[in-house]
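# What the coordinates show
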Amino acid sequence: KQAVTVDHLSDGRLELGVGAGWMELEHEIFGIEFPETKERVDRFAEAVELLDTYLSNDESSFAGEHYQLEGVFNRPAPVQQPRPPLVMGAHGPRMLKLVARYADAWNSFAPVDEMARRNARLTALCEEIGRDPASIKRSVFYGVNQSLDENPWASVDAFEDYVGRYAETGMQEFILQLPQDADRDLVERIASDILPKDG
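Attention in this report is confined to the structure presented alongside it. (Residues numbered from 1 in each chain as written. Predicted model: local features only at pLDDT ≥ 70, side-chain atom pairs only at ≥ 80, totals over all residues. Heavy atoms only, no water.)

Here we come to the overall build of the protein chain. Within the protein chain, the secondary structure is distributed over seven helices and seven strands. Considering only C-alpha atoms, the protein chain reaches an extent of 55 × 40 × 35 Å along its principal axes. Counting over 199 residues, the protein chain shows a buried share of 38%. Considering only contacts in the protein chain between residues 6 or more positions apart, those separated by 24 or more positions represent 55%. Only carbon and sulfur atoms are counted for the fraction: they give 50% of the accessible area of the protein chain, which is about 11800 Å². In the protein chain, 20 side chains carry a positive charge and 36 a negative one; their mean positions are 4 Å apart. (Helix = DSSP H or I, 4+ residues; strand = E, 2+ residues; numbered from the N terminus. Buried < 20%, exposed > 50% of the residue type's maximum accessible area, 1.4 Å probe, protein only. Contact = heavy atoms within 4.5 Å. Areas by Shrake-Rupley, 256 points an atom, 1.4 Å probe, with all protein chains shown as cover. Lys, Arg positive; Asp, Glu negative; His and termini not counted. Charge placed at Lys NZ, Arg CZ, Asp CG, Glu CD.)

This is the structure in structure tokens:
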């Protein structure tokens, strides 16, 4: 219901980001349990099916091992129909299968070669279930704490090189975290000179 409220407040601009959780420290600092990967993915598989069902219907029920709903109403309905788009963070084989089935956008992070492999796998999974692979937007996340041995914020050339190499693998959107000590002049130059060139 919080997501539906944001969808209304934003006049239908919400993209709902979901994932199984991967950063153990994040769970620890918020006091949230961090089960083994299999259980996290099991729970997520149920949760995303529940979200898809609930957000797409006026009334729904769901009977899972971890989550249950009985005759729950979704009123008011979201502005976006049949539901707000789901952005799913996913890296592994089971998660990519869930992306192929439910996601409107996919987000991941890895070195370029691995992202290319995951992207190709997602395309194949879509084709296996008869879904148009182009119906899923592809995005990559760069976090300042990731050990990918590269920094897109090192220079304008580094930024263009980073975005260019990932774009060649099929990535369409880029979520690039700024370091705290970011060179503001460089960021402004990228925003004013580089980003407008790509529309």
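This brings us to the packing of helix 6 (residues 156-168) against helix 7 (residues 184-194). Between helix 6 and helix 7, the least distance of the axes is 10 Å, while the angle of their chain directions is 55°. Accordingly, the angle class assigned to the pair helix 6 and helix 7 is oblique. As helix 6 packs across helix 7, the resulting crossing turns out to be right-handed. Contacts between helix 6 and helix 7 pair V156, F159 and E160 from the former with L186, R189, I190 and I194 from the latter. Of the residues in the contact of helix 6 with helix 7, the class split is five nonpolar, no polar and two charged. (Axes fitted to C-alpha atoms, helices over the stretch in contact; angles between N-to-C directions. Parallel < 35°, antiparallel > 145°, perpendicular 65-115°, else oblique. Left-handed = near helix turned anticlockwise from the far one by under 90°. Nonpolar A, V, L, I, M, F, W, Y, C, P; charged D, E, K, R; others polar.)

This paragraph deals with the packing of helix 3 (residues 37-56) against helix 4 (residues 93-102). Axis separation between helix 3 and helix 4 bottoms out at 10 Å; the angle between their running directions is 5°. The angle between the axes of helix 3 and helix 4 places the two elements in the roughly parallel class. Residue-level contacts link K38, V41, D42, F44, A45, V48, E49 and D52 of helix 3 to R94, M95, L98 and Y102 of helix 4. By residue class, the composition of the contact of helix 3 with helix 4 is seven nonpolar, no polar and five charged.

Glancing now at unusual backbone geometry. Omega for the peptide link from R75 to P76 comes to 0°, which places this bond in the cis form. Residue P82 is bonded to the preceding Q81 through a cis peptide linkage, with omega at 5°. On the secondary structure map, P82 appears in the loop between strand 3 (68-73) and strand 4 (86-89). Look at D11: it is not a glycine, yet its phi comes out positive at around 55°. A relative accessible area of 64% places D11 in the exposed class.

This next bit is on helix 5 (residues 112-128). A rise of 1.5 Å per residue sets the reference length of helix 5, with its 17 residues, at 24 Å; its end C-alpha atoms lie 24 Å apart and thus fit the reference within 8%. Buried within helix 5 we find V112, M115, R118, N119, L122, L125 and C126. Summarising the axial view, the buried residues of helix 5 lie within an arc of 140°, below the 170-degree limit, and thus occupy one face. The exposed residues of helix 5 that point more than 90 degrees off its buried face are D113, R117, E127 and E128. Against helix 4, strand 5 (105-108), strand 6 (137-142) and helix 6 lie the buried residues of helix 5. (Expected span 1.5 Å × (residues − 1). Arc of directions from axis to C-beta.)

For Q80, the position within the fold is in the loop between strand 3 and strand 4. Overall, the relative accessible area of 17% leaves Q80 in the buried class.

We now examine the packing of aromatic side chains. One pass over the full model with this rule turns up five aromatic pairs. Between F109 and F141, the ring centres sit 6.3 Å apart and the planes meet at 70°, which makes this aromatic pair edge-to-face. Of this pair, F109 sits in the loop between strand 5 and helix 5 while F141 sits in strand 6; the two residues are 32 residues apart in sequence, bridging distant segments of the chain. Given a relative accessible area of 18%, F109 falls into the buried group. Between the aromatic rings of Y162 and Y166, the centroid separation amounts to 4.6 Å while the plane-to-plane angle is 40°, which identifies the pairing as tilted. Placement of the pair is Y162 and Y166 together in helix 6, with a separation of four residues, close to one helical turn. We classify Y162 as buried; its relative accessible area is 1%. An aromatic cluster of three or more residues is present, and its members are W22, F109 and F141. (Phe/Tyr/Trp six-rings, centres within 6.5 Å; stacked < 30°, edge-to-face > 60°.)

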